[in-house]
Structures are given as C-alpha cells and as structure tokens.
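A structural walkthrough
So you can see what is in the structure, the chains are spelled out below.
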Amino acid sequence: MELSDLYSEKILDLAGNARQPGRLADADASARKVSRICGSVIEVDLQVRDGIITGYGHEISACALGQTSAAVVAREVIGTPVSEFLGVRQAMHDMLKAEGPPPGGKWDDLKYLEPVRAYPARHVSTLLVFDAVAAALEKLESPQQVASQG
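Structure report, in brief. Here the structure is a predicted model, which is why all the values come from computation and not from measurement.

A few points about the pairing of strand β3 (residues 52–61)
Bridge analysis of strand β2 (residues 41–49) against β3 gives nine bridges, and the strand direction is antiparallel. By the bridge assignment for β3, Asp 45 is matched with Gly 57. Here β2 hands over to β3 after two residues, with Asp 50 in that stretch at a positive phi of 50°.

The structure is reproduced here in structure tokens:
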C-alpha cells in the first residue's frame with residue numbers, strides 16, 4: 001500500500017469539513033500533545049461533570065490523519081462518559097497496534113483510519129487527540145486539581 005492510499009476521500013472529507021471548536025475559556029483541564037515524528041500539535045480543553053464530558057475545545061495543527069481523529073472526537077465527545085471515552089482511546093490503540101477492531105457506535109467513522117495500522121510512523125498523529133484528552137482527564141483526577149476545585 002502506498003502512503004497516499006491512506007488519504008482516502010472519506011478521510012479527506014472528514015478532515016476538510018471538520019468543525020473547529022476553538023479553545024474553552026473555562027476549561028476544567030487542558031493538555032497539549034506533540035508528535036515528535038511529524039510535528040503535529042493539539043491542545044485540548046475539557047469540562048467534566050459527574051463523569052460526563054460536558055465541554056470540549058481544541059486547537060490543532062496536524063496532518064489529515066490527526067485532523068480526522070480530532071474531527072470525530074470534536075463531533076462526538078460531548079455527552080460521552082469518561083469511561084466510554086477511555087475505552088474508545090484503548091480501542092484506537094488496539095486497532096493500530098494490535099490488529100483490534102475499530103470503535104463502533106457513534107465512533108464508527110474512526111474505522112476509516114484502520115489502514116494507518118500499516119504505517120507505525122503515522123500512529124502518533126492519529127492517536128494525538130485521544131492521548132491529549134486522556135492527559136487532560138488525568139489532570140482532573142490529580143490531587144492538585146481536586147484541591148484547586150475545592
């Protein structure tokens with residue numbers, strides 16, 4: 001498979017028509033992730049209430065693969081329980097690194113990224129948004145964050 005084959009019409013459509021949510025001014029937690037391999041960068045902001053992601057924002061500078069992942073997350077993450085999101089992140093890691101199936105349900109469009117499995121150098125940018133959201137969620141669980149909210 002040629003690298004150019006990764007960029008299917010569906011991936012280019014999802015990336016090209018992605019809603020750009022921008023940053024959240026009143027985020028509960030934020031995180032920044034960078035791919036040293038390709039230079040992709042994403043900064044995410046989250047609001048979480050009672051275990052549900054209630055607010056999401058991001059700024060991204062990434063290839064079409066990273067933009068596609070971020071587009072699906074931006075479209076679907078609000079209203080998602082934290083535990084479900086962490087499961088989707090694990091499913092994405094498994095899909096790319098362990099031949100696992102793509103996530104389903106409202107996350108079904110992530111299946112278009114399955115061919116990335118054959119290109120390990122592209123895994124980081126594809127997973128960047130998932131790892132950034134997980135890092136922000138970890139900050140919410142840290143004692144410092146809990147103390148500052150109290």
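Considering the packing of aromatic side chains
Enumeration over the complete set of coordinates arrives at two aromatic pairs. Taken together, a centroid distance of 6.2 Å and an interplanar angle of 70° make the contact between Phe 85 and Trp 107 edge-to-face. With Phe 85 in helix α3 (residues 82–97) and Trp 107 in the loop between α3 and α4 (123–141), this residue pair connects regions lying 22 residues apart in the sequence. When its relative accessible area of 2% is taken as the criterion, Trp 107 is described as buried. Both rings, one in Phe 85 and one in Phe 130, keep their centres 5.9 Å apart while their planes meet at 20°; by these two values the pair is stacked.

Side note on the sheet that holds strand β1 (residues 29–34)
Read across the sheet, three strands follow the order β1-β2-β3 without closing on themselves; strand pairing throughout is antiparallel. This sheet does not close on itself; its edge strands, each paired only once, are β1 and β3. When the angles between neighbouring strand axes are averaged without regard to direction, this sheet yields 20°. Taken strand by strand, helix α2 (residues 64–76) contacts β2 and β3, and its axis lies near 155° from that of β3. Sheet contacts for α4: β1, β2 and β3; angle to β1, the most-contacted strand, approximately 145°.

Things to note about unusual backbone geometry
Of note in this structure, Asp 50 is not a glycine but carries a positive phi near 50°. Assignment of secondary structure puts Asp 50 in the loop between β2 and β3. Residue Asp 50 is classed as exposed on the basis of its relative accessible area, which comes to 81%. One non-glycine residue with positive phi stands out, namely Glu 99, at about 60°. Position of Glu 99 relative to the elements: it lies in the loop between α3 and α4. Using a relative accessible area of 62% as the deciding quantity, one classes Glu 99 as exposed.

Basis of the calculations
Residues numbered from 1 in each chain as written. Predicted model: local features only at pLDDT ≥ 70, side-chain atom pairs only at ≥ 80, totals over all residues. Heavy atoms only, no water. Pairing = 2+ DSSP bridges. Helix = DSSP H or I, 4+ residues; strand = E, 2+ residues; numbered from the N terminus. Phe/Tyr/Trp six-rings, centres within 6.5 Å; stacked < 30°, edge-to-face > 60°. Buried < 20%, exposed > 50% of the residue type's maximum accessible area, 1.4 Å probe, protein only. Axes fitted to C-alpha atoms, helices over the stretch in contact; angles between N-to-C directions. Contact = heavy atoms within 4.5 Å.

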